[in-house]
Each structure stands twice: as structure tokens, then as C-alpha cells.
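# Inside the fold
The primary structure of each chain is shown beneath.
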Amino acid sequence: MDARTTAGEPQRRGYWYDEEEDDSAITMLAAVRRLRQADHDLRRRISAGMDMNTTDLEALRHVIAHEAAEDPLTLLRLARLLGISGASTSKLLDRLTRSGHLRRTPHPTDRRALVVLATDHAHEQVRDRLATMHDRMLEAAQQVPPDYRRAVAEFLGALTEQIDEQSVPEPLTPAPRGRR
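Notes on the structure in this doc start here. Everything numeric in this text was worked out from a predicted model, so none of it was measured.

What follows concerns unusual backbone geometry. Its identity as a non-glycine residue notwithstanding, D51 has a phi of 60 degrees, on the positive side. Relative to the elements of secondary structure, D51 occurs in the loop between α1 (24–49) and α2 (54–68). At E70, a position not held by glycine, the phi torsion is positive, near 55 degrees. Looking at the element boundaries, E70 is found in the loop between α2 and α3 (75–82). The exposure class assigned to E70 is exposed, which follows from its relative accessible area of 73%.

Right, here's the structure in full:
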């Protein structure tokens, strides 16, 4: 990829940092930015290919992850994970139930509650669309020399912590009239 582009867009030199041509820390952050954009674009393509929106795909990801962990996912917990209202979650579940991706079933220990499970159809579609990509990602990870893998994982973990700790900013104030 041309050094001047990031995910198809011109890269602005020096916007966030006093960038030097050979600064390896800046180069790493630019690579992470490209990875995040590629991941975002992939999720949009996959959700479109499965005839659902990105929130639906995210819900499906959470449901499958909770199934794998044998941790039943209730409707309320799903709403919290997605950051959407109960009403929006209900509509989402109705859509994904109609499409054959999810089903609601009684909670295994609390019969008053419902849990959400992925159908065999959903597991099939996810594997069909993502198995090759996950294999290629593993191959790329295996190309990192074993002695560097912990450092890479720690770097990515530290970035994750910084992103997770970022508080919600105060609302922006409008620009004074005549200034943009």
C-alpha cells in the first residue's frame, strides 16, 4: 500500500503527531488504524452478504461467543452489550428469528427468563463466510517470530485498554457563526 494512503484515504502527515519518516511507533499506529478500517469494512460486507445490518451481525457474534463459553445470553444482557434499548433489541431478535439465525428459549436455570441461541443455519453461515479469513489471520500471526508474539499481544492489549478507558466526551459546542 502506498505510504500516503490509509484504507484508500490520503494519510495526513503530522495531524496527531510530529511524524518523522522513519518513526516506527507512528508506523505501528498507522498499521492499527488500517487494520481497524479493514475490520469495519469486512463487517459491513459480511452483514450485507448475510442480508442483515452490522448490529444484527454483532448480536450474532455475541450470542455465538456466549454459547461457546456456556454462558447463557439473556435479552437484557444482549441489549447492554449492543448498547441499544430493549425495544430495539426486541425488533432485532424478531428480525433474526424470522431469518432463521436466532431462537429464543427458556433460560436453563431461571424459567422466568429467556436466552438467545444461534441456530444451526447461523453457525453454518458464519463458518462459511469467516473460516477462510480466520485461517489466513492465524497464518499471518504465525509469521510473527515466536519471541515477538508476547510483545505484539501486550501492545495490542495496551491499545485496547486506552480505547476502553476513553470517556465519553462532552457534547460539542457549535462553531461561532461565520467560522467553520
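This brings us to the pattern of salt bridges. Counted according to the given criterion, the structure contains nine salt bridges. With a shortest N-O distance of 3.9 Å, E58 and R43 are connected by a salt bridge. Of the two residues, E58 is situated in helix α2 and R43 in helix α1; the sequence distance between them amounts to 15 residues. On the basis of relative accessibility, which here comes to 32%, the residue R43 falls in the partly exposed class. In this structure, R77 and D71 form a salt bridge, with 2.8 Å as the shortest nitrogen-oxygen distance. R77 sits in the partly exposed class, given a relative accessible area of 31%. A residue is classified by how much of its surface remains accessible, and D71, at 29% relative accessible area, is partly exposed.

Looking now at α2. With 15 residues, α2 should cover 21 Å at 1.5 Å per step; its first-to-last C-alpha distance of 21 Å lies within 8% of that length. Turning to α2, its buried residues are D56, L57, A59, L60, H62, V63, I64 and H66. Its side-chain oxygen 2.9 Å from the backbone nitrogen of T55, N53 forms the N-cap of α2. With its phi angle positive at about 55 degrees, E70 sits one or two positions after the end of α2.

Time to look at the environment of L29. Summarising the element assignment, L29 is placed in helix α1. Take L29: its relative accessible area is 24%, and that puts it in the partly exposed class. Along the backbone, L29 and L159 are 130 residues apart, and their C-alpha atoms lie at a distance of 9.4 Å. Dropping the residues within four chain positions of it, L29 is found in contact with Y17, F155 and L159.

Basis of the calculations
Residues numbered from 1 in each chain as written. Predicted model: local features only at pLDDT ≥ 70, side-chain atom pairs only at ≥ 80, totals over all residues. Heavy atoms only, no water. Helix = DSSP H or I, 4+ residues; strand = E, 2+ residues; numbered from the N terminus. Buried < 20%, exposed > 50% of the residue type's maximum accessible area, 1.4 Å probe, protein only. Salt bridge = Lys/Arg side-chain N within 4 Å of Asp/Glu carboxyl O. Expected span 1.5 Å × (residues − 1). Polar contact = N/O pair within 3.5 Å; in protein donor to acceptor, adjacent residues only side chain to side chain. Contact = heavy atoms within 4.5 Å.

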